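Understanding the architecture of this molecule
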Amino acid sequence: MSWAKTFLIASHEFFARIKSPVFYILTLTPFVGFMLIGLLFGLMFAGASENLGLPVGLMDHSGFLSMPPLKEEEDENFLIYSSMEEAQAALRDRRVRALVEIPPDYLESGQIIIWVYGTSSWPTMVFDQTESFLRKAIVQNRLDSRIARRVIEPIDRLRIISADQVRELGDSDLQGGIFGRARAQVQQTVRFLIQTGARYILVLLLLLNVSISIMYSYEDISRDRANRMGELMLSTVSATEWFAGKILGVVLIMLTQTLIQMTLVLAIWGGISWRLLGDLTLLSPREVGLVLVYYVLSMLFYVSSSMLAIVVHPKVAPVLLGILGLLNLINATVVVAPSSRIAIFMSFFPLTAPGTMLVRVLLKAAPWRDVVISLGVLGVCSMWTVLAGSAVASRVLIPGMPAFSISRPRQRR
Amino acid sequence: MRETVLQAEGLCKWFGRTQVVEDLSLEVKRGEIVGLLGPNGSGKTTSLRMMLGLIPPDAGRVTILGQPPQRARDRTGYLPEERGLYKDERALDMLVYVGQLRGMSRTEARRRALEWMARLKLEDHTRSRVEKLSHGMQQRLQFIASVLHDPELLILDEPFQGLDPIHTLLPLQILGELRDQGVAIVLSTHQLDLAEQLCDRVAMLFQGRVVVEGTLEEIRQKFAGRVVRVIAESLPPDLPGVQEIRSFGREKKLILEEQADPDSILRALLERGARVDLWERHALSLYEVFYLVASRA
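Keep in mind it's a predicted model, so treat the numbers as computed, not measured.

With that settled, consider the overall build of chain A. Counting its regular elements, chain A contains 17 helices and 5 strands. Out of the 413 residues in chain A, the part that is buried amounts to 41%. Residue pairs at least 24 apart in sequence account for 75% of intrachain contacts in chain A once pairs closer than 6 positions are excluded.

Glancing now at the overall build of chain B. Looking only at helices and strands, chain B has 9 helices and 13 strands in total. Expressed along its principal axes, the backbone C-alpha trace of chain B runs to roughly 75 × 45 × 40 Å. Across the 297 residues in chain B, those meeting the buried criterion constitute 41%. Here the contacts in chain B between residues at least 6 apart in sequence split such that 70% fall between residues at least 24 apart.

Residue and element names in this part refer to chain A. With their axes 10 Å apart at the nearest point, helix α15 (residues 353–362) and helix α16 (residues 368–380) run at an angle of 155° to one another. In terms of their interaxial angle, α15 and α16 are classed as roughly antiparallel. In this structure, the crossing between α15 and α16 has a hand that is left-handed. Contacts from A353, P354 and M357 of α15 reach α16 at V371, S374, V377 and L378. Looking at side-chain class alone, the contact of α15 with α16 contains 6 nonpolar, 1 polar and no charged residues.

Glancing now at the sheet that holds strand β9 (residues 209–215) of chain B. All names here are of chain B. Taken in spatial order, the 6 strands of this open sheet run β5-β6-β7-β3-β8-β9, and their pairing is mixed. The open sheet has two edge strands, β5 (76–79) and β9, and neither has a second partner. Within the sheet, the average angular offset between the axes of one strand and its neighbour, ignoring direction, is 15°. Summarising the sheet, strand β6 (residues 153–157) and strand β7 (residues 184–189) pair through 5 bridges and their orientation is parallel. Within β7, the residue paired with D157 across the bridge is S188. Packing against the sheet, helix α7 (residues 216–223) makes contact with β8 (201–206) and β9, and its axis sits at approximately 110° to β9.

Residues L95(B), I144(B) and V186(B) are the most contacted members of the largest nonpolar core, which totals 143 residues. It is helix α8 (residues 177–226) of chain A that contributes the most residues to this core, 13 residues altogether. By size, the runner-up hydrophobic cluster in this structure holds 21 residues, among which are M59(A), L99(A), I112(A) and V116(A).

This part covers the sheet that holds strand β11 (residues 242–248) of chain B. The strands that make up a sheet pair up through hydrogen bonds in the backbone, lying either parallel or antiparallel. Residues and elements named next belong to chain B. The 4 strands lie next to each other as β11-β12-β10-β13, forming an open sheet whose pairing is antiparallel. Both outer strands of the open sheet, β11 and β13 (276–281), are each paired with one neighbouring strand and no more. When the angles between neighbouring strand axes are averaged without regard to direction, this sheet yields 20°. Pairing analysis gives 5 bridges linking strand β10 (residues 227–232) to strand β12 (residues 251–256), with the strands arranged antiparallel. For R229, the partnering residue across the bridge sits in β12 and is K253. In the packing of helix α8 (residues 262–271) onto the sheet, contacts are made with β10, β11, β12 and β13, and the angle to β13 comes to roughly 170°.

Reading predicted coordinates in detail is not appropriate for stretches of low pLDDT. Residues and elements named next belong to chain A. Model confidence for chain A is summarised by a mean pLDDT of 74, while 66% of its residues fall at 70 or above. No element of chain A has a lower mean pLDDT than helix α7 (residues 163–166), at 44, and none a higher one than helix α1 (residues 3–18), at 89. The model gives residues 162–181 a pLDDT under 50, and that stretch makes 29 contacts with residues more than four places away or in other chains. Across residues 403–413, where pLDDT falls below 50, the model places 24 contacts with residues more than four positions away in sequence or in other chains.

Residue and element names in this part refer to chain A. The first and last C-alpha atoms of α16 sit 18 Å apart over 13 residues, in line with the 18 Å expected at 1.5 Å per residue. Among the residues of α16, those classed as buried are D370, S374 and L378. One side of α16 carries all its buried residues, which in axial view fall inside an arc of 65°. When the buried face of α16 is taken as reference, the exposed residues oriented beyond 90 degrees from it are W368, R369, V372, G376, G379 and V380.

Residues in a regular strand project their side chains so that they alternate between the two faces of the sheet. When strand β1 (residues 4–15) of chain B meets strand β2 (residues 18–29) of chain B, the two strands line up antiparallel, connected through 8 bridges. Within β2(B), the residue paired with A8(B) across the bridge is L26(B).

Turning our eyes to something else, we now look at the packing of helix α2 (residues 91–101) of chain B against helix α3 (residues 106–119) of chain B. Residue and element names in this part refer to chain B. Contact pair α2 / α3: the axes reach a minimum separation of 8 Å and the direction vectors enclose 130°. One element, α2, and the other, α3, form an angle in the oblique class. Both α2 and α3 take part in a crossing whose hand is right-handed. Residues L92, L95, V96, G99 and Q100 of α2 lie in contact with α3, whose contacting residues are R106, A109, R110, R112 and A113. For the contact of α2 with α3, a count of residues per class yields 5 nonpolar, 2 polar and 3 charged.

Residue and element names in this part refer to chain A. You can see S211 is positioned in helix α8. Given 22 C-beta atoms within a 10 Å radius, S211 is considered buried. Separated by 91 residues in the primary sequence, S211 and Y302 place their C-alpha atoms 8.0 Å from one another. With residues near it in sequence (within four places) discarded, S211 still touches G325, N328 and L329.

Next up on the list: helix α14 (residues 341–348) of chain A. The α-helix winds at 3.6 residues per turn, so residues separated by three or four positions along the chain end up facing the same way. All names here are of chain A. For α14, every residue scored as buried is listed here: A343, I344, M346 and S347. Buried residues of α14 fall within an arc of 160° about the axis and therefore sit on the same side. Of the residues in α14, the exposed ones pointing more than 90 degrees away from the buried face are R341, I342 and F345. On its buried face, α14 is in contact with α15 and α16.

What follows is about the confidence of the model for chain B. For chain B, the average pLDDT comes to 86, and 99% of its residues sit at 70 or higher. In the model of chain B, helix α9 (residues 286–296) of chain B stands out as the element of lowest mean pLDDT, 73, in contrast to α3(B), which has the highest, 94.

This part is about the environment of M1(A). All names here are of chain A. By the secondary structure assignment, M1 is in the segment before α1. It is 9.6 Å that separates the C-alpha atoms of M1 and A239, two residues lying 238 residues apart in sequence. Setting aside anything within four residues of it in sequence, one finds M1 in contact with T6, S238, T240 and E241.

Reading the values: rules and limits
Residues numbered from 1 in each chain as written. Chains lettered and ligands numbered in written order. Predicted model: local features only at pLDDT ≥ 70, side-chain atom pairs only at ≥ 80, totals over all residues. Helix = DSSP H or I, 4+ residues; strand = E, 2+ residues; numbered from the N terminus. Buried ≥ 20, exposed ≤ 12 C-beta atoms within 10 Å, placed from the backbone. Contact = placed C-beta atoms within 7 Å. Axes fitted to C-alpha atoms, helices over the stretch in contact; angles between N-to-C directions. Parallel < 35°, antiparallel > 145°, perpendicular 65-115°, else oblique. Left-handed = near helix turned anticlockwise from the far one by under 90°. Nonpolar A, V, L, I, M, F, W, Y, C, P; charged D, E, K, R; others polar. Pairing = 2+ DSSP bridges. Core = buried A, V, L, I, M, F, W, Y, C linked by C-beta atoms within 7 Å. pLDDT = per-residue confidence, 0-100. Expected span 1.5 Å × (residues − 1). Arc of directions from axis to C-beta.

Put into structure tokens, the structure is as follows:
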């Protein structure tokens, strides 16, 4: 096999594709789509969800929590503070995700105050959690008639203090009038995207790119078939050189597409605040390497399969490609439970292995054992690519050759 | 003794239950043009593809310059019947790409492509996209793609298909020159008049089998005396020894059975009182030879 010819074919495919406007449409459309989705989620959860794992601060001015026999109710979701300054400092420093203030007249008024960042639906979640916490505390002290009243309605009145007012806490991000506040809001959104949503967006973007590679390769082989170039090519290079060149070309174009998308992400995030780029501790070098390996393997597998699909019958091929694309996107379901048994099974099943492992690595749920086994399985299955190559070469590119008709010697006439 | 460039021995190919090529053997030497002739579906293209190693034969073997065809790709040029070019590419870029795939450097491929484009009157279209070229221009471009790298063996599948008589002349002339330069050429065609002008030897295929093979002279000799031109009044249809009578207005051609004696037939004709104005043994064209062979097969 001549690698020079393979690289020549790959570079020809690459430059032919990169000159096409379709490439830029397919590069930007998923990127813009996912950025918009991410932005919407980010705006909804901005300033709050970034600290989903943190407890809620609780400042009791009413003395309710220290009443006998209640004492200070303990709950791992709540941190009880003894002074408001201390509680506000905790909120400002993001040691708690919200602050629930129980005013002195709580038992009479049923009012609580929730301090949060952002204006999203997040206070509702804190409200529910707080209500449940208070009800549990009240039930333990039903002897006191004032407290017993609150069992039915632990919270009668709610005051939410959101981002606009949190500046009173002295957060410098929120200083500087309305523009300063908007900037702070966007920064919080992007920080949320980087720290929480980026992995998920990356999962979807990469899986979608693999599906696009299926389309590219199908389009590529259909073009060679339609242009009748295949026969000329196969009289010039071997089937292996041709096939490897084609696959390499698609992989190169997809890596370029991903690189453009990632550069755009960094440019946009960096444009909002260079400081945010410091938060990009998203993936370790080991994870980046593994993501790259599984990304390329995903493409190899699906690209060769999609090329093979056309061998069956040109009319059936689009249906098979649809199934392939679906199989690839099924890998996205792994995000729900990346360490589940189903996810592990999918990691070792050839059709889903590269995609599933790509997702698991991105979600930091891929132990070395699974990496090694899946790579072993994929190594064995690389024969699939070779098979696809020879089938495509002999059945698709030469006009008039019957698809999957096995030619065999018979008795001579 | 000229070197054998292509050697095919006992090639057979089946597609499902149909045998499309049966026991084809062919030898082509340097500086020789061999024509594979036959009607559509006679197995010409499949034979050429087996010779190139594009499809494996079910039986038999092929060597090009003593090697399997796959190892002689860079020394072989091929013009497929189904012409194929990347339509959205520029003509010169397309040729340079094909040249590079044939093992030429980019510079060399470009230089040779420009030379050939000038030779085939395409010099004004180097920057034109292939799809913008006329059918004839695309044909010439494809022809250049097959000869660009100076192959030692040139395999052409229906090279004159779709070319008008004016555009046929130049490729004919070029093929003659390539032969003189020592290139071995195999071409398939059903345009027998062109094969007659160009080929040193021909093999006629019919239903996958070689039915006639040899130089044009050998073939003509073999069938000499089998056709007689006749101008005669009231030609009886049941003349003994006559296989078929083909009418061209007043003139008729009698196709005789093998071993039939034209003199005896003339005698019999005269005995029946026919008035004969012309009785002439006819030198057969390839068309007539092919017709004879095909009708016999």
